[in-house]
Amino acid sequence: PLHPWPGLTASVCNLRPTSRGSIELTSPDARDPPRIDPAYLQTDSDRAVAAAAMRLTRQIAEQLEPGLVVSEHVPGAHLTAPAELAKAAGDIGTSIFHPAGTTKMGRDGDAGAVLNNRLQVRDGTKSGIIAGLRVADCGVMPNITSGNTNLPTYAIAEKCARMVLGQE
């Protein structure tokens, strides 16, 4: 719901987070939900970026039209220490719904790579794959792009389609 007063919302985003979450199966039954831990703000670097971003947002707000009343609703102007700001960022932060790197593509021998260089899902053996199963979305990117993931995902899907059709 909207607040009953006029205002604006400032939002910040760390485009290069260093924290890494995980997705784990909870049982052999594919119908059971996985355990998802986004591990937001788990590194010192990510907490420092969050605190700095909030301080910069406050500096920008101070430069708004002088006739406007600048007040901070969330997280609250009383929070000023880096640790307080980082905690507040964790309390109010959310995902921006562009997960990347969840199914990393990589060379043979890369323990973190779920996919081979043809976007085929590895079966856990040294060189085996799960026949007929590929991933063609931004999950294959080792890191999220510094912009929208839509067009890079189109490029990945187009490349995958050519591989499936035997054109590559």
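All figures in this text were calculated on a predicted structure; none of them were measured in a lab.

Scoring rules and cut-offs
Residues numbered from 1 in each chain as written. Predicted model: local features only at pLDDT ≥ 70, side-chain atom pairs only at ≥ 80, totals over all residues. Heavy atoms only, no water. Helix = DSSP H or I, 4+ residues; strand = E, 2+ residues; numbered from the N terminus. Buried < 20%, exposed > 50% of the residue type's maximum accessible area, 1.4 Å probe, protein only. Contact = heavy atoms within 4.5 Å. Core = buried A, V, L, I, M, F, W, Y, C linked by side-chain atoms within 4.5 Å. Salt bridge = Lys/Arg side-chain N within 4 Å of Asp/Glu carboxyl O.

Caption draft 1: Expanded view of the environment of H73. Structurally, the position occupied by H73 is in the loop between helix 1 (44-61) and helix 2 (82-92). Here H73 falls in the partly exposed class, since its relative accessible area comes to 49%. For H73 and E84, which are eleven residues apart along the polypeptide, the C-alpha to C-alpha distance reads 15 Å. When neighbours within four sequence positions are excluded, H73 is seen to be in contact with H3 and W5.

Caption draft 2: Seen up close, the nonpolar core. Counting ten residues, the largest nonpolar core is built from L115, L119, V121, V135, C138, V140, M141, I156, C160 and M163. No other element matches helix 3 (residues 150-164), which puts three residues into this core. The contacts of V135, once residues within four sequence positions are left out, are T103, L115, L119, V121 and V140.

Caption draft 3: Spatial organisation of the environment of M105. Along the chain, M105 turns up in the loop between helix 2 and strand 3 (120-122). If we skip the residues at most four places from it in the chain, M105 touches A113, L115, N116, N117, L119 and V140.

Caption draft 4: Broad picture of unusual backbone geometry. For the peptide bond that leads from V74 to P75, omega is 5 degrees, which places it in the cis range. Tracing the sequence through the fold places P75 in the loop between helix 1 and helix 2. Positioned with a positive phi, L119 is a non-glycine residue whose angle comes to about 65 degrees. Tracing the sequence through the fold places L119 in the loop between helix 2 and strand 3.

Caption draft 5: The pattern of salt bridges, seen in detail. Enumeration according to the criterion identifies ten salt bridges in this entry. The partner of R122 in a salt bridge is D108, with the nearest N and O atoms 3.1 Å apart. Remark: D108 occurs in the loop between helix 2 and strand 3 and R122 occurs in strand 3; sequence separation between them is 14 residues. For R122, a relative accessible area of 15% puts it in the buried group.

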